[in-house]
Amino acid sequence: MKHIIALLIENEPGALSRVVALFSARAYNIESLTVAPTEDASLSRMTIVTSGSDEVIEQITKHLNRLIEVIKVVDLTEGHYTQRELMLIKVRAVGKEREEMKRTADIFRGRIIDVTEKTYTIELTGDSSKLDAFIESIDRASILETVRTGTSGIGRGERILRV
């Protein structure tokens, strides 16, 4: 089962590598990892997407809580949450393909952020399945380059991750 784990960690050199090393040492896979400073420059928020049984996720959470740099750990999938991912995709857009690619981007609420004579660069946000659906809806041969951020998640309503 897929889980989204959110952490508050000290924003200091080596903190990220210690979290990743914890996963590596125990042969846990990280499917997606995002990290950036919060509104408090001394803290970073990390979002990790991983898979495993409830027991495995419980072990991961316990190990993360033991790390000195980790301030708080929450499994977002234990309650209501919202998740988004950003994708930038550069596609070939020549001749009649141009209008069709624009129409497809509009259907998926994407924005064309760069245009050349032969390419479009499209920005899309949404959950992973939406971005996957966009990729499936276009001709794979027209894809020149794809960049995805990985999942960022936040609890809904009054559920917050704060010190």
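Residues numbered from 1 in each chain as written. Predicted model: local features only at pLDDT ≥ 70, side-chain atom pairs only at ≥ 80, totals over all residues. Heavy atoms only, no water.

A.B. asks: Help me understand helix α4 (residues 128–137), please; the structure alone is not making it clear to me.
C.D. replies: In an α-helix, one turn spans 3.6 residues; hence positions three or four apart end up facing the same way. Taken together, the buried positions of α4 are occupied by Leu131, Phe134 and Ile135. Buried residues of α4, seen end-on, are gathered within an arc of 95° and therefore sit on one face of the element. Looking at the buried positions of α4, the neighbouring elements they touch are β5 (81–92), α3 (96–107), β7 (119–126) and β8 (143–148). (Buried < 20%, exposed > 50% of the residue type's maximum accessible area, 1.4 Å probe, protein only. Helix = DSSP H or I, 4+ residues; strand = E, 2+ residues; numbered from the N terminus. Arc of directions from axis to C-beta. Contact = heavy atoms within 4.5 Å.)

A.B. asks: How should unusual backbone geometry be read in this particular structure?
C.D. replies: The general pattern is negative phi for most residues beyond glycine and trans for most peptide bonds. The backbone phi angle of alanine 27 is positive, close to 60°, even though this residue is not glycine. Phi at arginine 109 takes a positive value of approximately 60°, unusual for a residue other than glycine. With respect to the helices, strands and loops of the structure, arginine 109 is situated in the loop between α3 and β6 (111–115). Classification of arginine 109 as exposed rests on a relative accessible area of 73%.

A.B. asks: Looking at this model, I keep getting lost on the confidence of the model for the protein. Mind explaining?
C.D. replies: Per-residue confidence for the protein averages 94 on the pLDDT scale, and 100% of its residues sit at or above 70. No element of the protein has a lower mean pLDDT than helix α1 (residues 15–25), which averages 92, and none a higher one than β6, which averages 98. (pLDDT = per-residue confidence, 0-100.)

A.B. asks: Can you help me understand the environment of leucine 161 in this one?
C.D. replies: In this fold, leucine 161 is placed in the segment after β9 (152–155). Overall, the relative accessible area of 15% leaves leucine 161 in the buried class. If we skip the residues at most four places from it in the chain, leucine 161 touches Ala6, Leu7, Leu8, Arg45, Lys72 and Val74.

A.B. asks: Looking at this structure, how should I read the packing of α1 against helix α2 (residues 54–66)?
C.D. replies: Two measures define how a pair of helices packs: the angle their axes make with one another and the distance between the axes. One can describe the packing of α1 onto α2 by two numbers: an axis separation of 11 Å at closest approach and a directional angle of 145°. In this structure, α1 crosses over α2, and the sense of that crossing is right-handed. On α2, the residues that touch Val19, Leu22 and Phe23 of α1 are Ile60, His63 and Leu64. Classifying every residue of the contact of α1 with α2 by side-chain character gives five nonpolar, one polar and no charged. (Axes fitted to C-alpha atoms, helices over the stretch in contact; angles between N-to-C directions. Left-handed = near helix turned anticlockwise from the far one by under 90°. Nonpolar A, V, L, I, M, F, W, Y, C, P; charged D, E, K, R; others polar.)

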